[in-house]
Amino acid sequence: MALGDLMASRFSQSTVVAVVSNHLDECASNHEDFDLSSLRRDLDTASSSYGNATSMAYLPHNIVLCELRHDAFEACLPSGPSDSGLVSKWRPKDRMKTGCVALVFCLNISVDPPDVIKISPCARMECWIDPYSMQPPKALEAIGKNLTLQYERWQPRARYKIQPDPTVEEVKKLCNSCRKFAKSERVLFHYNGHGVPKPTANGEIWVFNKSYTQYIPLPISELDSWLKTPSIYVFDCSAAGNIVNSFIELHEWGASSSSGSTRDCILLAACEAHETLPQSAEFPADVFTACLTTPIKMALRWFCRRSLLHESLDESLIDKIPGRQTDRKTLLGELNWIFTAVTDTIAWNVLPHELFQRLFRQDLLVASLFRNFLLAERIMRSANCSPISHPMLPPTHQHHMWDAWDMAAEICLSQLPSLVEDPNAEFQPSPFFTEQLTAFEVWLDHGSEHKKPPEQLPIVLQVLLSQCHRFRALVLLGKFLDMGPWAVDLALSVGIFPYVLKLLQTTTPELRQILVFIWTKILALDKSCQVDLVKDGGHTYFIRFLDSMEAYPEQRAMAAFVLAVIVDGYRRGQEACVEAGLIHVCLKHLQGSTPNDAQTEPLFLQWFCLCLGKLWEDFPDAQIIGLREDALAIYAPLLSAPQPEVRASAVFALGTLLDVGSDSCRDVVGGDEECDNDEKIRAEISIVKSLLSVASDGSPLVRAEVAVALGRFAFGHNKHLKSIAAACWKPQSNSPLNSFPSLAHIKGSSSVGPSQIGPISRVGTDNSCLIRDGRISTSSPLATGIMHGSPLSDDSSQHSDSGILNDGGSNGVINHSIPKPLDNAMYSQCVLTMCNLAKDPSPRIASLGRRVLAIIGIEQVVAKPVKATGSFGRPGENITSTSSFVGLARSSSWFDMNGGHVPLTFRTPPVSPPRPSYLTGMRRVCSLEFRPHLMSSPDSGLADPLLGSGVSSGSSERSFLPQSTIYNWSCGHFSKPLLNGADDSEEFLARREEREKSALEHIAKCQHSSVSKLNNQIARWDTKFETGTKTILLQPFSPIVIAADENERIGVWNYEEATLVNSFDNHDFPDKGISKLCLVNELDDSLLLAASCDGNIRLWKDYMSKGKQKLVTAFSSIQGHKPGVRSLNAVVDWQQQSGYLYASGEISRINIWDLDKEQLVNSVLSSSECSISALSASQVHGGQFTAGFVDGSVRLYDVRTPEMLVCTTRPHIQRVERVVGIGFQPGLDPAKIVSASQAGDIQFLDIRNHQDAYLTIEAHRGSLAALAIHRHAPIIASGSAKQLIKVFSLEGEQLNTIRYYPTIMAQKIGSVSCLTFHPYEVLLAAGAVDALVSIHAD
């Protein structure tokens, strides 16, 4: 099964549940020619039948705001692929080579050493030669030549030096010449001591004197001092363990006396200190050397004698195995390949990670010797001899992978006679690799991070070498890597990297998709691979893939991701990709795709944008190519794409086209550059206009990128923006500041009073020595003045220079001015947008906005009011309990102005606090030059902790720029499993089904219930709200009630247990309270939507866990209001069926937000001079909503119709007062509405004959404060400021009046402020101005 097919449908970032089409497409097509008669027909059929349609209408299946981006936008900063730390541990520290090999034989053929008693027949073969079959000198020469050939098989490029039967001097000379030749490479010293006594307990080996009459001891310490490090020793002699023990002692002593540097010395010894070498004639005399240098021959001979084959197979045939070791298509090559796979696998499964890397991946010769050492251990242990090594390895001779080797060996040997007889006979490959891949596949089905890793991983690696198994191996490897970063790390540490890098040179089409997938997984973990890819020209492979139309869009998105990582912060990668034409390819495909087309995969658009953004980030050459290829026009439609990720990525790409500017390119403006500059300025104007158009996007992801891009713009256009900002905040004579008597006192006491909010000071160029690397020497009087808040002299403020210290200063920030500024209106709009971002409802974006303002020298003062009710800071917000000031940088101003919703706070001197002011909440600060210095002072609480991060004197001013997060955040998608759908879908669907069943049962009860009087109060408690209950909400599936007060404090109670479950602040600067609480996704894991009176919407998840609530998203639903209106008094309602949020207030439009797209999809002119006071969306018919106005009129809208407005009526005619409550009557009839006005009358309307109300109830005289209509039961309730609640049936009959709380004292209920019914049960919750909440049932 091809991985491509598996990936085909699984990559889109869609939710698990099949989402019913959110946006009423079907409805829209049916209602092209909408008129009342068709509506009437629909109504009649609908109301006559309750059935499946009912459940669909009442229980919408769509879910919003549960994508990856809503998980933790506020909580943490994502980190993209890493290029350091834990990650690159898999890279071999430093590859090594063994450059020189010294082969020393002490055989003294025909003279046996005194301490050896030989048996008969005895092992005689040395390097597969019988030394007694020729003259001793010739034999020595032949043995030396043979051993050289055997070693050359493993390391052909080394220099080999042979020293037969040497003296101490000869050994010294040999060692010194080897080290001299090898320089810093490894030297191998091979010692065969079969013709001399055993090594001594002190670790001395024996050599000869010149006349061969004496054995001379050579201490290992001498040898070590000649060979130095790095080195590897092979000791093939009895009692070789003595040498190893002495060597370890020597090293331990050396390490303790020296500075502790570890020497890179490796030892392989044939046996323990107390053992002698096997003498049995079935082995060669140098069995250890034979295992290390001719493993296949040795292994097959040993196996043959132990298997059933030994009767039928002539052992001499083993030397005639056809083929070459390097050719895997021959018998010998395959055996060698299987042997490598088996020994590698044993080592990887048994050795600690670090040791495996050092011994099996660093040096080719060392790796081969250690693989073969595992065989030596197996064979020699069968002869009661234990080879040892330093570093020591755990025992491996009984590992079960040897069984797999035996089986493969048997299958190969059984073919041997026929292959030797007939050289043309077909050789049957072993099933070893196929079986091992199957075992790996089985592990993939059942394995996980917490189980033992798959043993077969090194074998999968070996299989990549073979064309016939390669595709299957890659697909399985892809599935394994998809299990998570831990799997990628394991695969890299096994050594997969060079293999998959090499495979990028193949042109096999079927490997392309899976290779792209594998590289996606590798780069999602480790960015450092970008260097290797560019060095090997791998980037062209991905560009070709990106340009091919056959691949699925998701896979092309992966290729774009790989390329984005290649160019991320790596200039060589950027240059290589520009040369290969990546910009043209990306723009061509972006141009060919339409973002709103259902066929276009959003992931594909998102990554094309991010890839280009990363390509031209800080790379002016690429930016110019992009602009010339018309990138701006191509990006324009993407800014309104339905997916926030695509919009944010497009904003990121446009933002990186804004050149932050470098000193070199800004200083000289020559003739050629003039036209370039004009072109560039036009491009920047165009980009900034595009950015401003999405500055109030519904998704924080998008607004964050706008803030980052505006930060880059502010950095490049610092001077002009500063002067505009200064002009904006220059108070006029009728400044509201002057109207505060208490401020006059401040004015007198400091020259830096309100009149100087604009310019601060100008210093002549003669003082330019004040500034060093953006710091100020505090010795200057000016600096001290500004630093420590002492008043400046008046005349310094007369110059109207916009707070810029010295035009010729050395600080780069100042010099970044463009010769021809953009128009001022544009700058003003930028400054305004920056201020709006600094007041964003999302804390993270507000902090980004404040950073941008700091760049242009405005500082927003953020002060948190101290609340008596122990309010708490939100994680990520830098709020200290000790002070009510948050982030006030020390500056020369005595006062802090307020931002509409920020209370005015005063510094010393103390004055009586004035009433909340409506100033702009900004103050000018000494421009950016002062900031690094301020930051280094311990008590400067900056407006945002981010500002201080990593800024030290002399660090680049670039560090002021807010950093984009969309790229790092998007990278997270590829670290997650992409191939299998989420596991929790079954559990999710089961819970959903259970809730639907419960809801339908309750709905049926409600619809058929007899008259409900609600005369039983089941709960009542004091919310402890200081300002009374403003809005209230009942949870559908648990006994939970949620209420909020004027201070935007939200409380969650369990009314059955009468306990407070959680309470938190909606945000830190409450203004007018919360106008509405709604539940989003109420049938699933519901989110709490809190709409503030200023139109800001915040959605919370986990709001029922104490202190664990998380902000999912936040945005401003209405922007701008009518002139002269002080507050927006927003009215909003949420409609699950359509996924729409309707919002209006003191504005002349109703905004329709699609919460799935997080986008303003429509704005209906409310066609009325007066504003909307009540708004209600139908909970049955998606797209329908009704609005009540301040003048008593009522309108019905349907977004599915072309003109939206269905009809207008004025039911409240006796006394014209505002509509207080409005809503649809229960049932499926979309034409029946209930409207209540402040005058006290409740009107029942049926818009099929929409002239008049068909029923009027005079409920409360002039004091109606709240109205609640049950979704399904025929019951409504109205509350009065005169302390009573009335309950009516839909026929107008009064069912009950609630006046008193049923206590002994019969205390009256408070003035009713809000009422709400339970969605599926007959329960009424009432909130009162006196902060009491009560719940009434039948």
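Residues numbered from 1 in each chain as written. Predicted model: local features only at pLDDT ≥ 70, side-chain atom pairs only at ≥ 80, totals over all residues. Heavy atoms only, no water.

### Focus on the confidence of the model for the chain
Filter applied, for reference: Per-residue confidence from the predictor is given as pLDDT, running between 0 and 100. Strands are runs of DSSP state E lasting at least two residues, helices are runs of H or I lasting at least four, and both sets are numbered from the N terminus onward. Contact criterion: two residues are considered in contact whenever any of their non-hydrogen atoms come within 4.5 Å of each other.
Across the chain, the average pLDDT comes to 79, with 77% of residues at 70 or higher. Averaged over each element, pLDDT in the chain is lowest for strand E15 (residues 905-906) (28) and highest for helix H9 (residues 287-293) (97). Of the regions scoring below 50 in pLDDT, residues 732-820 engages in 172 contacts with residues more than four places distant in sequence or in other chains. Confidence drops under a pLDDT of 50 for residues 862-955, and excluding neighbours within four residues, the segment shows 234 contacts in the predicted structure.

### Some words on the packing of helix H21 (residues 509-525) against helix H24 (residues 553-567)
Threshold: To define axes, lines are fitted to C-alpha atoms, for helices over the stretch in contact only, and angles between the resulting N-to-C directions are given on a 0 to 180 degree scale. Should an angle lie under 35 degrees it is considered roughly parallel, over 145 roughly antiparallel, and from 65 to 115 roughly perpendicular; all remaining angles are considered oblique. Left-handed is the label given to a crossing in which the near helix is rotated counterclockwise from the far helix by less than a right angle, and right-handed is the label when the rotation is clockwise.
Look at H21 against H24: their axes get within 9 Å of each other, and the N-to-C directions meet at 45 degrees. Judged by the angle between their axes, H21 and H24 are oblique. H24 is crossed by H21, and the crossing has left-handed handedness. Taking contact as the criterion, the partners of Gln513, Val516, Phe517, Trp519, Thr520, Leu523 and Ala524 in H21 are, on H24, Gln555, Met558, Ala559, Phe561, Val562 and Val565.

### Concerning the pairing of strand E36 (residues 1241-1246)
Here is the rule: Each residue's exposure class comes from its accessible area (1.4 Å probe, protein chains only) as a fraction of the maximum for that residue type: buried when under 20%, exposed when over 50%, partly exposed otherwise. A strand pair is defined by DSSP finding two or more bridges across the two strands.
Here E36 lies mainly inside the structure; six of its six residues are buried. Of the two faces of E36, the one carrying Asp1241, Gln1243 and Leu1245 and the one carrying Ile1242, Phe1244 and Asp1246 are both buried. In textbook terms, the turn of a hairpin is the stretch between consecutive antiparallel strands, and for strand E35 (residues 1232-1237) and E36 this stretch comprises three residues, one of which, Gly1240, has a positive phi near 115 degrees. Across four bridges, the pairing between E36 and strand E37 (residues 1255-1258) is antiparallel. Each residue of the ladder has a partner; that of Gln1243, found in E37, is Thr1256.

### As for the sheet that holds strand E41 (residues 1294-1298)
The four strands lie next to each other as E38-E39-E40-E41, forming an open sheet whose pairing is antiparallel. Among the strands making up the open sheet, the edge pair consists of strand E38 (1264-1269) and E41. If you compare each strand with its neighbour and ignore which way they point, the axes differ by 15 degrees on average. Where E38 meets strand E39 (residues 1275-1280), five bridges bridge the pair, whose relative direction is antiparallel. In the sheet register, Leu1267 faces E39, and the bridge partner there is Ser1278.

### Things to note about the packing of aromatic side chains
Definition in use: Each Phe, Tyr or Trp ring, with Trp reduced to its six-membered ring, pairs with another whose centre is within 6.5 Å; inter-plane angles below 30 degrees give stacked pairs, above 60 give edge-to-face pairs, and intermediate values give tilted ones. As a reminder, the over-ring test applies to NZ of lysine and CZ of arginine, requiring each to be within 6 Å of the ring centre and within 35 degrees of the ring normal.
For the structure on display, the rule yields 34 aromatic pairs. With centroids separated by 5.8 Å and ring planes inclined at 90 degrees, the aromatic side chains of Phe480 and Trp486 adopt a geometry described as edge-to-face. Considered together, Phe480 and Trp486 belong to a single accessibility category, that of buried residues. An aromatic cluster is present here, built from Phe189, Tyr191, Tyr233, Phe235 and Phe247 joined pairwise through their rings. Positioned over the ring face of Tyr967 is Lys614, at 4.5 Å from the centre of the ring. Seen from the ring of Phe1189, Arg1195 lies directly overhead, with NZ or CZ sitting 4.9 Å from the centre.

### What about the side chain of Gln415?
Note on placement: Gln415 falls in helix H15 (residues 401-421). Taking the relative accessible area as the measure of exposure, Gln415 reaches 13% and is therefore buried. The contacts of Gln415, once residues within four sequence positions are left out, are Glu426, Phe427 and Gln428.

### A short note on helix H16 (residues 432-446)
What counts here: Between the first and last residue of a helix there are one fewer steps than residues, each counted as 1.5 Å, and that sum is the expected span.
Across its 15 residues, H16 extends 22 Å between first and last C-alpha, which sits within 8% of the 21 Å expected from 1.5 Å per residue. Residues of H16 that are buried sit in contact with helix H12 (331-350), H15, helix H17 (457-463), helix H18 (467-481) and helix H19 (485-494).

### Quick word on the nonpolar core
Rules: Residues belong to a common nonpolar core when they are buried Ala, Val, Leu, Ile, Met, Phe, Trp, Tyr or Cys residues joined through side-chain atoms within 4.5 Å.
One finds Trp405, Phe432, Phe480, Trp519, Trp607 and Tyr635 to be the most contacted residues of the largest nonpolar core, which totals 229 residues. Filtering out sequence-adjacent residues up to four positions away, Tyr635 remains in contact with Leu587, Leu590, Phe608, Cys609, Leu612, Trp616, Ala650, Ala653 and Leu654. Counting 33 residues, the second-largest nonpolar core is a separate cluster that includes Cys178, Phe189, Leu218 and Phe247.

### Concerning helix H5 (residues 136-152)
Compared with the 24 Å implied by 1.5 Å per residue over 17 residues, the 24 Å span of H5 between its first and last C-alpha is a close match. Turning to H5, its buried residues are Ala139, Leu140, Ile143, Gly144, Leu147, Thr148, Gln150 and Tyr151. Tucked inside the fold, the buried residues of H5 contact strand E1 (98-105), strand E2 (159-164), strand E3 (186-192), strand E6 (231-236), H9 and helix H14 (364-381).

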